[in-house]
Amino acid sequence: QVQLVESGGGLVQAGDSLRLSCAASGRTFSPTHMGWLRQAPWQEREFVAAISWNGGTTYYADSVKGRFTISRDSAKNTVYLQMNSPKPADTAVYYCAAGSIEGLPRNSPGAYDYWGQGTQVTVSS
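Residues numbered from 1 in each chain as written. Predicted model: local features only at pLDDT ≥ 70, side-chain atom pairs only at ≥ 80, totals over all residues. Heavy atoms only, no water.

Enquirer: Looking at this structure, how should I read the overall build of the protein chain?
Expert: Secondary structure summary: the protein chain contains 0 helices and 11 strands in total. Taken from the N to the C terminus, the helices and strands of the protein chain come in the order β-β-β-β-β-β-β-β-β-β-β. In summary, the protein chain has a C-alpha radius of gyration of 13 Å against a globular reference of 14 Å for 125 residues, a match within 12%. Along the three orthogonal principal directions, the C-alpha set of the protein chain runs to about 40 × 25 × 25 Å. Burial status across the protein chain gives 42% buried among its 125 residues. A sequence separation of at least 24 residues applies to 57% of the contacts in the protein chain between residues at least 6 apart. Here the protein chain contributes 10 positive and 9 negative side-chain charges, whose respective centroids are spaced 5 Å apart. (Helix = DSSP H or I, 4+ residues; strand = E, 2+ residues; numbered from the N terminus. Rg over C-alpha atoms; globule rule 2.2 N^0.38 Å. Buried < 20%, exposed > 50% of the residue type's maximum accessible area, 1.4 Å probe, protein only. Contact = heavy atoms within 4.5 Å. Lys, Arg positive; Asp, Glu negative; His and termini not counted. Charge placed at Lys NZ, Arg CZ, Asp CG, Glu CD.)

Enquirer: Is there a simple way to think about the pairing of strand β5 (residues 46-52) in this case?
Expert: Taken residue by residue, a regular strand's side chains alternate between the two faces of the sheet. Counting buried positions along β5 yields 6 of 7 residues, so the element is predominantly enclosed. Relative to β5, strand β4 (residues 33-39) runs antiparallel, the two being bridged by 6 bridges. Of the residues in β5, the one forming a bridge with M34 is I51. Hairpin connection from β4 to β5: 6 residues lie between these consecutive antiparallel strands, with W42 at a positive phi of about 65°. (Pairing = 2+ DSSP bridges.)

Enquirer: Whenever I open this one, the packing of aromatic side chains confuses me. Can you help?
Expert: To describe a pair of aromatic rings, one takes the distance between the centres and the angle between the planes. As enumerated under the stated definition, the model contains 3 aromatic pairs in all. Ring centres of F29 and W53 lie 5.7 Å apart, and the angle between their planes is 85°; on these two criteria the pair is classed as edge-to-face. Within this pair, whereas F29 is found in the loop between β3 (17-25) and β4, its partner W53 is found in the loop between β5 and β6 (58-60), the two being separated by 24 residues in sequence. For the pair F29 and W53, a shared accessibility class is recorded, and that class is buried. The interplanar angle of 80° and the centroid separation of 6.4 Å between the aromatic rings of Y95 and W115 together place this pair among those described as edge-to-face. Placement of the pair is Y95 in strand β9 (residues 92-99) and W115 in strand β10 (residues 114-115), with a sequence separation of 20 residues. Taking relative accessible area as the criterion, W115 reaches 29% and is therefore assigned partly exposed. A cation over an aromatic ring shows up here: R45 above the ring of Y95, its NZ or CZ 3.8 Å from the ring centre. (Phe/Tyr/Trp six-rings, centres within 6.5 Å; stacked < 30°, edge-to-face > 60°. Lys NZ or Arg CZ within 6 Å of the ring centre and 35° of its normal.)

Enquirer: Can you walk me through the pattern of salt bridges in this structure?
Expert: Two side chains that carry opposite charge are able to pair once their charged atoms sit near each other. For the structure on display, the rule yields 5 salt bridges. R38 is the partner of E46 in a salt bridge, and the nearest nitrogen-oxygen pair spans 2.6 Å. The closest approach of N and O atoms between E102 and R106, which form a salt bridge, is 3.3 Å. According to the relative accessible area criterion, R106 is buried, its value standing at 11%. Through salt bridges with shared partners, one network takes in R38, E46, R67 and D90. (Salt bridge = Lys/Arg side-chain N within 4 Å of Asp/Glu carboxyl O.)

Okay, structure coming up:
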């Protein structure tokens, strides 16, 4: 069983910075990729960023490109999302997710097998 635990969410002012962390555990943890997705009230869950676990290739939604950075520490089984210059439109519950199947589109929720419980990020104007 794989467990993902997010941390680092909270209230931040627009233009400030925030870093989310996601610690993974479990004997069977061997992802091909990990990602961050978010869900605002009454909205569908949407892709934010993803990273290939072995090669470190990154993928971003257009809405966060240039502002957010995803990274991972393989030794710690941890993935991060550095959020710079957040906007009120970034307010959402942020979910960490891990996928174990190659070839699926990284920007689709269906590409992920395991999910964290989510952490709230609120950006005030």
